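# Analysis of the macromolecular model
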Amino acid sequence: MGRLKSTLGAFRASTLMEVIVASILFLLVFLLSMELLVRIGFTQPEDQRLRTETDRQSCLQEFRNGNFPAGEYRRSYCWGEITVRIELYRNLQSVQQIEFVTRVEKENRKMYFRVLKTHAAYESAP
């Protein structure tokens, strides 16, 4: 079996400095591509996500603590809207089911959340 010969001639060995420079260049290209992928993945800024979550929590507390009759309510915000549906839970007069539907307009995304609450008129009854 004979030796394999390159069509370009003999390969030269690289110096240590060339290897280090090439490694740094590959590392930089890799880091830049990962940063680009992360930025593409997050379309909504972090402060917008925080504002959405804060508004959702305040709306949740408002309807949990308040005495609202059955029906549908809407709250509009700069990022989207929250629709709240209140109805009796399994036709029990003492329990309300509160369903929150949060719709974020820019992301075309919906979040659902349900809460069961004892109706205020029946909390003081023995």
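Residues numbered from 1 in each chain as written. Predicted model: local features only at pLDDT ≥ 70, side-chain atom pairs only at ≥ 80, totals over all residues. Heavy atoms only, no water.

### Let's talk about the confidence of the model for the protein
Filter applied, for reference: Scored between 0 and 100, pLDDT is the confidence that the predictor attaches to each residue. The helix count covers DSSP runs of H or I at least four residues long, the strand count covers runs of E at least two residues long, and both are numbered beginning at the N terminus.
The predicted model of the protein averages 82 in pLDDT, with 79% of residues at 70 or higher. Within the protein, helix α3 (residues 120-123) has the poorest average pLDDT of any element, 53, and strand β1 (residues 71-76) the best, 93.

### Comments concerning unusual backbone geometry
The cut-off we apply is this: The cut-offs for exposure are 20% and 50% of the maximum accessible area for each residue type, with area from a 1.4 Å probe on protein chains only; residues under the lower value are buried, those over the upper are exposed, and the others partly exposed.
One non-glycine residue, Arg90, lies in the positive phi region at around 50 degrees. Here Arg90 falls in the exposed class, since its relative accessible area comes to 66%. Even without glycine at this site, Asn91 takes up a positive phi of about 60 degrees. Its location among the elements puts Asn91 in the loop between β2 (80-89) and β3 (92-104). Its relative accessible area of 69% is what places Asn91 among the exposed residues.

### Overview of the pairing of β3
We count it as follows: Paired strands, in this sense, are two strands between which DSSP finds at least two bridges.
Across 10 bridges, the pairing between β2 and β3 is antiparallel. Residue pairing for β3: Ile86 is matched across the bridge by Ile98. Here β2 hands over to β3 after 2 residues, with Arg90 in that stretch at a positive phi of 50 degrees. Hairpin connection from β3 to strand β4 (residues 109-118): 4 residues lie between these consecutive antiparallel strands, with Asn108 at a positive phi of about 55 degrees.

### Some details on the nonpolar core
Applicable threshold: Only buried residues count toward a nonpolar core. Its members are Ala, Val, Leu, Ile, Met, Phe, Trp, Tyr and Cys residues joined through side-chain atoms within 4.5 Å. Pairs of residues are marked as contacts when any of their non-hydrogen atoms sit within 4.5 Å.
Formed by 13 residues in total, the largest nonpolar core has its most connected members in Phe63, Val84, Ile86 and Phe100. When contributions to this core are tallied by element, the ones reaching two or more residues are α2 (46-65), β2 and β3. Residue contacts for Phe63: discarding those within four places in its chain leaves Phe68, Tyr73, Arg75, Val84, Ile86, Ile98, Phe100 and Lys117.

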